[in-house]
Amino acid sequence: MRFTEKFCREQESLQIAKAAAEPLKNRQGIALAAAKAWNAAAIIAHRHEAKQTPIEGLDAAIIREFAEEDAAIVAAGALH
């Protein structure tokens, strides 16, 4: 599973906040190391996302149609 750059940045921010709120130095270090790792993951995710080709209009419509059909099947199954 690939993480998005946005998700990685959110995790990085959470770890930085955790480090700032942590009174124990060793736990601060752990949180800062985690933040550094999330930063590295965000950089990789950004590079990966930059190489992605945006989905064109017709392809997006087809994907949306399949998703709606799947949702209808799930909803019908929940009713029975």
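Before any of the text, the structure's been laid out above.
Residues numbered from 1 in each chain as written. Predicted model: local features only at pLDDT ≥ 70, side-chain atom pairs only at ≥ 80, totals over all residues. Heavy atoms only, no water.

(A) Representation of the pattern of salt bridges. This structure, assessed with the given rule, holds three salt bridges. For Glu10, the salt bridge identified is with Lys6, shortest N-O distance 3.4 Å. Of this pair, Glu10 and Lys6 both sit in helix α1 (residues 5-21), four residues apart, roughly one helical turn. Since its relative accessible area comes to 37%, Glu10 is described here as partly exposed. Exposure remark for Lys6: the relative accessible area of 60% places this residue in the exposed category. As a salt-bridge pair, Arg9 and Glu12 come within 2.8 Å of each other at their nearest N and O atoms. Of the two residues, Arg9 and Glu12 are both situated in helix α1; the distance of three residues between them amounts to about one turn of the helix. You can call Arg9 partly exposed: its relative accessible area is 29%. The class of Glu12 is buried, set by a relative accessible area of 15%. (Salt bridge = Lys/Arg side-chain N within 4 Å of Asp/Glu carboxyl O. Helix = DSSP H or I, 4+ residues; strand = E, 2+ residues; numbered from the N terminus. Buried < 20%, exposed > 50% of the residue type's maximum accessible area, 1.4 Å probe, protein only.)

(B) Region of the structure containing a negative patch on the surface. On the surface, Glu65, Glu68, Glu69 and Asp70 cluster together into a negatively charged patch. Mapped onto the secondary structure, Asp70 falls in helix α3 (residues 57-79). (Patch = residues over 30% accessible without salt bridge, like charges linked within 9 Å, V, L, I, M, F, W, Y side chains within 5 Å. Areas by Shrake-Rupley, 256 points an atom, 1.4 Å probe, with all protein chains shown as cover. Lys, Arg positive; Asp, Glu negative; His and termini not counted. Charge placed at Lys NZ, Arg CZ, Asp CG, Glu CD.)

(C) Structural detail: the environment of Glu5. With respect to the helices and strands, Glu5 occurs in helix α1. Taking the C-alpha atoms as reference, Glu5 lies 9.1 Å from His48; in sequence the two are 43 residues apart. The residues contacting Glu5, other than those within four sequence positions of it, are Ala42, Ala45, His46 and Glu49. (Contact = heavy atoms within 4.5 Å.)

Keep in mind these values describe shape, not function.
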